[in-house]
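# Summary of the model geometry
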Amino acid sequence: MKTAICYYSRHHGNTKKLLQAMAEINGADLIDVTLRQGICLEKYDCIGLASGIYYGKFHTGVRQFARQYLPPGKGVFFVCTYGIRRPGYTKAIAQIAAEKGCPILGQFGCKGYDTFGPFKLLGGIAKNHPNQRDLENGRRFYQNILQAYEQKLKECT
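Structure report, in brief. (Residues numbered from 1 in each chain as written. Predicted model: local features only at pLDDT ≥ 70, side-chain atom pairs only at ≥ 80, totals over all residues. Heavy atoms only, no water.)

## Examining the packing of helix α2 (residues 60-69) against helix α3 (residues 91-99)
Axis separation between α2 and α3 bottoms out at 9 Å; the angle between their running directions is 5°. In terms of orientation, α2 and α3 fall into the roughly parallel class. Note on element contacts: α3 touches α2 through A92, I93 and I96, opposite V62, R63, A66 and R67. (Axes fitted to C-alpha atoms, helices over the stretch in contact; angles between N-to-C directions. Helix = DSSP H or I, 4+ residues; strand = E, 2+ residues; numbered from the N terminus. Parallel < 35°, antiparallel > 145°, perpendicular 65-115°, else oblique. Contact = heavy atoms within 4.5 Å.)

## Observations concerning the nonpolar core
Core analysis: the largest hydrophobic core is formed by 26 residues, its most contacted members being C6, L41, I47, L49, L70, F78 and I93. Taken together, the elements giving at least two residues each to this core come down to β1 (3-8), β3 (46-54), α2, β5 (75-82) and α3. Discounting residues that sit within four places of it in the chain, L41 has contacts with A4, C6, I31, I47, F65, Y69, L70, P71 and K74. Within the second largest apolar cluster, 19 residues are counted, among which are Y7, A23, A50 and L135. (Core = buried A, V, L, I, M, F, W, Y, C linked by side-chain atoms within 4.5 Å. Buried < 20%, exposed > 50% of the residue type's maximum accessible area, 1.4 Å probe, protein only.)

## With respect to the packing of aromatic side chains
A complete count under the given rule lists 7 aromatic pairs for this structure. Centroid distance Y8 to Y54: 6.0 Å. Interplanar angle 75°. Geometry classified as edge-to-face. Highlighted residues: Y8 in strand β1 and Y54 in strand β3, separated in sequence by 46 residues. The class for Y8 is buried, based on a relative accessible area of 13%. (Phe/Tyr/Trp six-rings, centres within 6.5 Å; stacked < 30°, edge-to-face > 60°.)

## Concerning the pattern of salt bridges
Scanning all chains against the criterion turns up 5 salt bridges. E136 is the salt-bridge partner of R139, the closest N and O atoms lying 3.2 Å from each other. Separated by 3 residues within a single helix, R139 and E136 lie in helix α4 (residues 132-156), roughly one turn from each other. In this structure, the salt-bridge partner of E136 is R140, at a minimum N-O distance of 3.9 Å. With E136 and R140 both in helix α4, this residue pair falls 4 residues apart, about one helical turn. Accessibility expressed as a relative area gives 37% for E136, which makes it partly exposed. (Salt bridge = Lys/Arg side-chain N within 4 Å of Asp/Glu carboxyl O.)

Okay, here's the thing in structure tokens:
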């Protein structure tokens with residue numbers, strides 16, 4: 001299965017670190033949404049959207065990228081890193097996917113070292129994350145996405 005994971009990862013590289021571990025499984029193409037050079041997602045079977053969490057949402061760049069480049073009807077999954085776990089982080093990005101008729105295959109999130117905003121005054125939170133356990137859980141999540149997709153293909157043939 002050919003997969004692209006479109007991401008924004010800046011402050012500490014938490015999200016990119018997690019995605020690199022996931023991409024080890026099948027060589028998914030990691031696409032930094034800030035580059036936007038010659039993007040053609042139609043050739044991919046499934047598309048991941050990934051970001052650190054900023055004010056309770058995926059980064060604006062990922063949301064804008066999805067609005068502009070996400071092809072209708074493609075299976076999508078979401079990956080995020082955050083300082084504090086709270087529900088609803090994928091709500092805005094899921095709405096964009098729904099508007100494009102994209103089925104949501106799953107979502108994964110884990111802690112990531114966070115010094116954004118007021119956390120900087122405290123020296124940051126979620127230090128040493130994502131750690132090896134987080135990376136392994138991310139790999140397992142992605143492996144499950146791949147297996148479910150392959151199973152669905154078998155059922156259709």
